[in-house]
Amino acid sequence: KIFHLGACRVSMSMTEIRAGFSAIKANIQSRDPLRSLSILSHPHSLHKVKVGDRCCITHHLFTFYVDKVFKHCRTEDSFVNRKISSIANSFLSARRKLGQCREQNNCVCGEESTEKFKQILANYEGLNVTSAAMKSLGELDILLDWMEKAR
Amino acid sequence: GDALLPAPQSISILSINMKHFLTWSPVIVQGATVRYSVEFQGEYERDYANGSWIPISECSRTAATVCNLTEDISASVAYRLRVRAELGATRSPWGTMEGFFNRATTSLTPPLLRVLADGQHLLVELADMGPALQFRLLYWRKGHEGRVQQKVMREVSSVVHLDTMEAGAEYCVTAQTHVEAIDRSSSFSPTQCVRAQGDPSVWL
């Protein structure tokens, strides 16, 4: 699928990422005891991000997942680990395209989006790392839904 | 100890139409069944997860010398693969495939299709080649090569209606497979032509 993220047009195998996540979503979310708390949507939803800022914040979010989330989600379940690897490698591939596009188009984050991303990091740092990583992974569909809405 | 069992050799990937299989030569131990375990490492594991390897449960302690990697190699990044032999508690060193594998290098073959004329209906039967593949069909009336029409199919149903033909006219079809995830296409299939039923209309 082609995603229109502000000035960027990026193709991504969203179907494969969605399939991988759907296969483990229940398992991952069952490991998150604090369901009322959100990392991506607190206090404001991603949907408030301005169109022009989408490219920049998507790149930030992919970097967040690659650098901070996936590595702390290793489980005792081989099937879950394999699906997390599949998603992580897809994110790596997509982030590379996003990074190239950001450079070419000089996508910068506006003030509001920078603040939004800082809030996400603060939400993440507010929990112990494993809980924060599992919660973030469990919220992956929030990010995917927001991106699909942006298509 | 482990040193008695040699690592598997001739480790290679056979990848056709986005289906990926790891194969290796058997380790022969007279009178015994040697088993094998396979692991993979994507770019993410290499660069962000301390070079960790992930076991493939379907290919853990398998007696086969082939392992289906399709489900696990589901991103367009460079993967490394390794396999070791196991006999009871004895394990061989890992045999690691030389170089990397990226699914973007998969071999793509043209689709298997059969073109039919059902009266004046131009129909095509396509073999299902898996979820990752789409088909691009080109069709035209013979002699009107300048007016080629195209149809892209994401899902395969058994028979597809392409067009309603002019009575007695001949129509031709060719097709290629396309993989959106790697943005590549196969070569085109051999052209097949059929003739519509009925007499060609004669203008006096």
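An unreviewed UniProt entry annotates chain A as Interleukin family protein originating from Daphoenositta chrysoptera. On record in UniProt, under Sequence similarities (unreviewed entry), the comment for chain A is "Belongs to the IL-10 family." Looking at chain A in UniProt, the text filed under Function (unreviewed entry) is "Immune regulatory cytokine."

Peer 1: Got a sec to walk through the overall build of chain A? Specific residues and values, please.
Peer 2: On a plain count of helices and strands, chain A comes out with 6 helices and 2 strands. Overall, chain A shows an N-to-C arrangement of helices and strands of β-β-α-α-α-α-α-α. In terms of overall size, chain A behaves like a compact globule, its C-alpha atoms giving a radius of gyration of 15 Å where 151 residues would be expected to give roughly 15 Å. The dimensions of chain A, computed from C-alpha atoms along their principal axes, are 40 × 30 × 25 Å. Evaluated residue by residue, chain A yields a buried proportion of 52% over its 151 residues. Pairs at least 24 residues apart make up 87% of the contacts formed inside chain A by residues separated by at least 6 positions. In the form shown here, chain A has an accessible surface area of approximately 6800 Å², with 51% of it arising from carbon and sulfur atoms. Here chain A contributes 23 positive and 15 negative side-chain charges, whose respective centroids are spaced 4 Å apart.

Peer 1: Please provide a residue-by-residue account of the nonpolar core, values included.
Peer 2: The biggest cluster of nonpolar side chains holds 52 residues, and the ones touching the most others in it are M12(A), L61(A), Y65(A), F70(A), F91(A), L143(A) and M147(A). Other than its neighbours up to four places away in sequence, M12(A) contacts K1(A), F3(A), I17(A), F62(A), A94(A) and M147(A).

Peer 1: Now, about the interface of chain A and chain B: what can you tell me, with residues and values included?
Peer 2: Residue-level contacts link 20 residues of chain A with 22 residues of chain B. Taken as a group, R74(A), R82(A) and N89(A) account for 34% of the area that chain A buries against chain B, more than any other trio of residues on that side. At the junction of chain A with chain B, the criterion picks out 5 salt bridges. Salt-bridge contacts for E71(B) lead to K83(A); the nearest nitrogen and oxygen are separated by 3.1 Å. Applying the counting criterion to the chain A and chain B interface returns 17 residue pairs in polar contact (both at pLDDT 80 or more). Only α2 (54-69) and α3 (78-105) of chain A provide two or more residues apiece to the side of chain A that touches chain B. Per-element tally for the side of chain A that touches chain B: the top contributor is α3(A), with 13 residues.

Peer 1: Which residues make up the state of the cysteines, and what values do they have?
Peer 2: Residues and elements named next belong to chain A. Counted under the stated rule, the structure contains 3 disulfides over all chains. One disulfide bridge connects C56 with C109, the sulfur atoms lying 2.0 Å from each other. Across the S-S bond of C56 and C109 the torsion is about -110 degrees, and the bridge reads as left-handed. On the criterion of sequence distance, the pair formed by C56 in helix α2 and C109 in the loop between α3 and α4 (111-125) is long-range, its members being 53 residues apart.

Peer 1: Go over the packing of α2(A) against α4(A), please, and point to the residues and values.
Peer 2: Residue and element names in this part refer to chain A. Their axes nearest at 10 Å, the elements α2 and α4 cross at an angle of 20 degrees. With respect to α4, the axis of α2 lies roughly parallel. The two elements α2 and α4 meet at a crossing, and its hand is right-handed. Here I57, H60, L61, F64, K68 and V69 of α2 come into contact with α4, specifically with S113, K116, F117, I120, L121, Y124 and E125. Of the residues assigned to the contact of α2 with α4, the class counts are 8 nonpolar, 2 polar and 3 charged.

Peer 1: Requested: an account of the sheet that holds strand β2 (residues 19-23) of chain B, with residues and values cited.
Peer 2: Residue and element names in this part refer to chain B. Pairing within the open sheet is antiparallel, and its 3 strands lie in the order β1-β2-β5. Across the chains shown, the open sheet's two edge strands, defined by having one partner strand only, are β1 (12-16) and β5 (66-68). Adjacent strand axes in the sheet meet at a mean angle of 25 degrees, parallel and antiparallel pairs treated alike. With 5 bridges joining them, β1 and β2 adopt antiparallel strand pairing. The residue bridging L14 from the neighbouring strand is F21, located in β2.

Peer 1: Outline the packing of α2(A) against helix α6 (residues 140-149) of chain A, listing residues and values.
Peer 2: All names here are of chain A. Across the interface, α2 lies against α6 with an axial gap of 12 Å and an inter-helix angle of 155 degrees. On the basis of the axis angle, α2 is roughly antiparallel to α6. Once α2 is placed against α6, the crossing between them reads as left-handed. Between α2, through R54, I57, T58, L61, F62 and Y65, and α6, the contact on the second element is made entirely by L140, L143, W146 and M147. Looking at the contact of α2 with α6 residue by residue, the class counts come to 8 nonpolar, 1 polar and 1 charged.

Peer 1: Before we move on, can you summarise the packing of aromatic side chains with the specific residues and values?
Peer 2: Across all of its chains, the model carries 10 aromatic pairs over all chains by this definition. Look at F62(A) and F91(A): their rings are 4.2 Å apart centre to centre, the planes differ by 15 degrees, and that puts the pair in the stacked class. In this pair, F62(A) sits in helix α2 while F91(A) sits in helix α3, placing the two residues 29 residues apart along the sequence. Pair check on accessibility: F62(A) and F91(A) agree, each one buried. Among the aromatic residues, ring-to-ring pairing joins F62(A), F64(A), Y65(A), F70(A), F91(A), Y124(A), Y44(B) and Y48(B) into one connected group. The ring of F100(B) is capped by R80(B), whose NZ or CZ atom sits 5.8 Å from the centre of that ring. Over the face of the ring belonging to W94(B) we find R82(B), whose NZ or CZ atom lies 4.1 Å from the ring centre.

Peer 1: Break down the side chain of Q134(B) for me, with residues and values.
Peer 2: All names here are of chain B. Tracing the backbone shows Q134 in strand β11 (residues 134-141). At 3.3 Å, the side chain of Q134 forms a polar contact with the side chain of E180. Residue contacts for Q134: discarding those within four places in its chain leaves V152, M153, R154, Q176, T177, H178 and E180.

Calculation notes
- Chains are numbered independently. Their residues run from 1 in the order of the written sequence.
- Here every chain gets a letter starting at A, and every ligand a number starting at 1, in the order they are written.
- Predicted model: local features are reported for residues with pLDDT of at least 70 only, side-chain atom pairs are reported and counted for 80 or more only, and whole-chain, interface and lining totals are derived from all residues.
- For side-chain calculations, the full set of non-hydrogen atoms in the structure is used, while hydrogens and water are omitted.
- UniProt positions are given in the numbering used here, feature names are shortened, and annotations may be inferred rather than shown by experiment.
- Secondary structure elements follow DSSP: runs of H or I no shorter than four residues count as helices, runs of E no shorter than two count as strands, and numbering proceeds from the N terminus.
- Note on method: radius of gyration uses C-alpha positions; expected globular size equals 2.2 Å times residues raised to 0.38.
- Residue exposure (1.4 Å probe, protein chains only): buried if accessible area is under 20% of the type maximum, exposed if over 50%, otherwise partly exposed.
- Only heavy atoms enter the contact rule, under which two residues are in contact if any of them lie within 4.5 Å.
- Methods summary: accessible areas were calculated by the Shrake-Rupley approach with a probe of 1.4 Å, and residue burial reflects only the protein chains presented.
- We score Asp and Glu as negative and Lys and Arg as positive, and we do not count His or the chain ends.
- By convention, charge coordinates are those of NZ in Lys, CZ in Arg, CG in Asp, or CD in Glu.
- Take the buried Ala, Val, Leu, Ile, Met, Phe, Trp, Tyr and Cys residues and link them wherever side-chain atoms come within 4.5 Å; each set so joined is a nonpolar core.
- Accessible-area loss on putting two parts together, using a 1.4 Å probe and summing over both, is the definition of buried area adopted here.
- The rule for a salt bridge is simple: a side-chain nitrogen of Lys or Arg has to be within 4 Å of a carboxyl oxygen of Asp or Glu.
- Two N or O atoms count as a polar contact when they lie within 3.5 Å, although within protein this holds only if one can serve as hydrogen donor and the other as acceptor, and sequence-adjacent residues are included solely when both atoms are side-chain atoms.
- Disulfide: a pair of cysteine sulfur atoms within 2.5 Å of each other.
- Orientation is described by lines fitted to C-alpha atoms, with helices fitted over the stretch in contact, and by angles between N-to-C directions that extend from 0 to 180 degrees.
- Each angle gets one of four labels, with under 35 degrees taken as roughly parallel, over 145 as roughly antiparallel, 65 to 115 as roughly perpendicular, and the rest as oblique.
- The hand of a helix crossing depends on one turn: near helix anticlockwise from the far one by less than a right angle means left-handed, and clockwise means right-handed.
- The nonpolar class holds Ala, Val, Leu, Ile, Met, Phe, Trp, Tyr, Cys and Pro. Asp, Glu, Lys and Arg form the charged class, and all remaining residues, Gly among them, are polar.
- Think of it this way: DSSP has to see at least two bridges between two strands before they count as a pair.
- Aromatic pairs are defined between Phe, Tyr and Trp rings, using the six-membered ring for Trp, whenever the two ring centres lie within 6.5 Å; interplanar angles under 30 degrees are classed as stacked, those over 60 as edge-to-face, and all others as tilted.
- A ring is considered to have a charge above it if a Lys NZ or an Arg CZ atom is located within 6 Å of its centre and within 35 degrees of its normal.

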